[in-house]
Amino acid sequence: MQFKKFDVDSYRELMTGLIGTGPETEVFWRALDFALEAHGEQWRRSGDPYIIHPCNVARILAEELDIRNPEILAAALLHDTVEDVHHVTPALIREKFGANVEAIVDGCTKVTHVSGDRQNLKKLVHRKIFTGAAAKPEVVLVKLADRLHNLRTLASMPQDKRQRVADETLDIYGPLATILGLFAIKREMYNLALAYKFPRQGNRLQLHINKLKLDPKAREIAERLKSALAEDEIAGQVSVRTKGLWGYYDSRNRILIKEIESPQEILLLVANRKACYEALGTLNRIYPPIPRTIRDFIANPKPSGYQGLHARANIGGRKILFKIRTEEMARRAQRGLVRYWTDESRKRGQFVRGLQEMFDILGSDESLSYREMIAAGGRKEIYTYTPQGDLVCLPVNSIVLDFAFNVHTAIGHTCIAAMIGNRRVEPDHVLSDGDVVKIIRQSNPVRFDPDIQERCQTTRARSELAKTFRIRRNAVVQEIGRSVLEQEMRRYGLPVEIIQQEGMQYLLDYFNVESLADLYLQVGMGKRRLRDVIYEIKDCLYAGQETLQNPTGVFNRVELTTLDPVVVKSSACCKPTPLDKGIFGLLSERGLSLHRKDCIRLQKIGFQREDAVEVRWDPRKTRVVKPQKVIVFAANRHRLFMLLSVAPSEMKILDIIALTDRPNTTPAWEVNFTAPDLHALRKIFKHLDRSELSYEFVLEQ
């Protein structure tokens, strides 16, 4: 391999032209000298000196994103030093360049020395970046510039590495660039990543795109628009943009598609805001728009700061998208709000606070898929309104609950429905562009079902729901942990009182938990092995005293008073219900996974005795909140109604639906009813069993 030299003088001259050499830029120039020395003997696989990479990351920020803040650019120069240079530490960066630079560099530094598989390591790396970005949003700017330069130089890497980088770009960095409104970077990232991800298909598609660029029809449309503008005495520049590979990527299905609705766009640049609307009038005169396709992002900018007028027209059977902007709006379309990163304007403040909130959630909440949330944040928007006329911008496919949480978290937690016009809709109703939404609330927080979280599209709604689900789950799981630990201690002949002694603090420190309640929680989740806890209690608090033999084959037992699906989940393999006997629960972070004792899958799962518990319910204290449904087979109307007329009084019938209407057949029936508690439900099904009719029942939790 032939090693190359880095022209430091040319780089200094370039950056001087971008940021100058005043006293305020001194931190950048010191960082450059430091990085040159730190990376001096390091080389890239391509044969380039390693210092080319951090220098180009800083250059991308300054040249392509208009970021001239010397501390951000200094952090870009230093972003790999802590990770790749053994003598450079965060403390050294702080000492030489200040706390702000150190915070950005630390946020960019990967997690190292972590046990586990590569997938787990990747998750930890990403969550550390998100946590760093929550404290310093500048972290994500440096990481995007870092990723863009890596993609530009990816050809020298082996095939498997190229695939991994491409996948990560499509899942995380490309959508992040979209969220920040960095559309030029976004398009280049997608084009490069897709070319590596789908080399053959991408090459064929690129040939098709190249042919489209030579197609004279779009240019004829542009020329006609230019002439019409001249007639109306509107000065403007008209150009055609043919979408690259990025326009053909279906992010939901993670595939390249062969054809898209609008493969080409006509871009129109005019002098000022007023001229944008005048140009739209000219456009509508010569190319009438498709109804309801005009979007005004000037009056209603996107959260990233994007502005412009969009209109679609069907011209000769082709759908063409027109974008009308000023030069400043076009520049902002490439830079988002990041070029004003150091401003303190209200709009910039709202944008950055929203980013920090999203990154905080992505970095700290392991119950959320950060890939799904980033993808949702990068989707197209819909514009909805409060009854007072305030604009609420949401990702497409957002539901009422997204709207409610966006207005205020307290409104989201108490939302039971909404009014859209004169229609009452449920919290999971999908909103449409232009909806005016009035939230209907109750006084107490709503106990939402877990499945509604998957329907939410915004980070805030998903995060707030995850928090409430975690609180509900932890309250029960902690009690399960306490119960099984005390039972296990009794099995070993250990007095339960010893865990209240002063020496227990040593054990809490050993297990890295703050309190006994936290230890119960970890045991209940299965995160802390019961045998390890018992061993340490014996060794530390009961040393030298006799204990019983290790118990074998006997499961601990827990008694529940809840059917909350956030806490207890019936496995799909054997579909147990609390009405059954012989139910076992596997301890996990997501609550108890229930199986029947004779479940074949349960018998195949390799687990220790301490990893599972026998589960029972207190029938009189376990409320049945939801209406229930039972399907009764092969019963004529007379027999069914006689059966239900003498059912236990706790069974309140809601409706009865015949599932077959063919003559000369004995129909099946769907009976919907309510019952106050598990005791009443057992009485009802004992009554049905005595009838000897065949029925099917799945508990609604």
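Criteria and thresholds
- Residues numbered from 1 in each chain as written.
- Predicted model: local features only at pLDDT ≥ 70, side-chain atom pairs only at ≥ 80, totals over all residues.
- Heavy atoms only, no water.
- Buried < 20%, exposed > 50% of the residue type's maximum accessible area, 1.4 Å probe, protein only.
- Helix = DSSP H or I, 4+ residues; strand = E, 2+ residues; numbered from the N terminus.
- Pairing = 2+ DSSP bridges.
- Salt bridge = Lys/Arg side-chain N within 4 Å of Asp/Glu carboxyl O.
- Polar contact = N/O pair within 3.5 Å; in protein donor to acceptor, adjacent residues only side chain to side chain.
- Contact = heavy atoms within 4.5 Å.
- Expected span 1.5 Å × (residues − 1).
- Arc of directions from axis to C-beta.
- Axes fitted to C-alpha atoms, helices over the stretch in contact; angles between N-to-C directions.
- Parallel < 35°, antiparallel > 145°, perpendicular 65-115°, else oblique.
- Left-handed = near helix turned anticlockwise from the far one by under 90°.
- Nonpolar A, V, L, I, M, F, W, Y, C, P; charged D, E, K, R; others polar.

## Description of the pairing of strand β6 (residues 309–315)
Summarising burial for β6: five of the seven residues are buried, a large majority. When strand β5 (residues 295–296) meets β6, the two strands line up antiparallel, connected through two bridges. When the bridges of β6 are listed, D296 appears paired with L309. Bridge count for β6 against strand β7 (residues 318–326) is seven bridges, and the pairing is antiparallel. Looking at β7, one finds that I315 is bridged to R318.

## Digging into the pattern of salt bridges
Opposite charge on two side chains permits pairing when their charged atoms draw close. Going through the model one piece at a time under the given rule, you end up with 34 salt bridges. Across the salt bridge formed by E265 and K243, the nearest N and O atoms sit 3.8 Å from each other. With a gap of 22 residues between them, E265 in strand β4 (residues 264–270) and K243 in the loop between β1 (236–242) and β2 (249–250) connect regions that are remote in the sequence. This pair shows no difference in class: E265 is buried, exactly as K243 is. The salt bridge involving R482 is made with E479; its shortest N-O contact spans 2.3 Å. Taken together, the positions of R482 and E479, both in helix α21 (residues 459–491) and three residues apart, correspond to about one turn of that helix. Judged by its relative accessible area of 42%, E479 falls in the partly exposed class. Here the salt bridges share partners, and the residues they tie into one network are R241, K243, E265 and K323.

## What about the side chain of Q264?
Along the chain, Q264 turns up in strand β4. At 3.1 Å, the side chain of Q264 forms a polar contact with the backbone oxygen of L212. Among all residues touching Q264, those that are not within four sequence positions of it are L212, K213, A218, V240, R241, T242, R318, I320 and L321.

## A look at helix α14 (residues 273–286)
If you check α14, its first and last C-alpha atoms are 21 Å apart, about what 14 residues at 1.5 Å a residue would give, namely 20 Å. The set of residues buried in α14 consists of A275, C276, A279, L280, T282, L283 and I286. Within α14, the buried residues cover an arc of 165 degrees as seen down the axis, which keeps them to one side. Of the surrounding secondary structure, the elements contacted by the buried residues of α14 are α13 (216–231), β4, β6, β7 and α15 (327–335). The residue sitting at the N-terminus of α14 and contributing the capping side-chain oxygen is N272; that oxygen lies 3.3 Å from the backbone nitrogen of K274.

## Some details on unusual backbone geometry
In the Ramachandran plot, R292 falls in the positive-phi region, its phi being about 65 degrees despite a non-glycine side chain. A relative accessible area of 82% means that R292 is categorised as exposed. The backbone of K575 sits at a positive phi, close to 45 degrees, despite the residue not being glycine. Using a relative accessible area of 57% as the deciding quantity, one classes K575 as exposed.

## Looking at the environment of P303
By secondary structure assignment, the location of P303 is in the loop between β5 and β6. For P303 and E381, which are 78 residues apart along the polypeptide, the C-alpha to C-alpha distance reads 9.4 Å.

## Section: the sheet that holds strand β13 (residues 556–560)
A sheet is described by the order of its strands in space; here five strands give the open sequence β13-β17-β15-β16-β14, paired in mixed fashion. At either margin of the open sheet sits one strand with a lone partner, and together these are β13 and β14 (568–570). Neighbour-to-neighbour, the strand axes of this sheet turn through a mean angle of 40 degrees, independent of strand direction. Pairing between β14 and strand β16 (residues 591–596): three bridges, direction parallel. The partner of K569 across the bridge, within β16, is S593. Contacts from α21 reach β13, β15 (583–588), β16 and β17 (612–617), with the element oriented near 145 degrees to β13.

## Brief notes about the packing of helix α1 (residues 8–19) against helix α2 (residues 26–38)
Where α1 meets α2, the closest approach of the two axes is 12 Å, and the angle between their N-to-C directions is 160 degrees. Considering their axes alone, α1 and α2 lie roughly antiparallel with respect to each other. Remark: the crossing between α1 and α2 carries right-handed chirality. Contact with α1, carried on its side by V8, Y11, R12, M15, T16 and I19, involves F28, W29, L32, D33 and L36 of α2 and no other residues of that element. A breakdown of the residues in the contact of α1 with α2 according to their chemical character gives eight nonpolar, one polar and two charged.

Function cannot be read off these values alone, since they describe shape.
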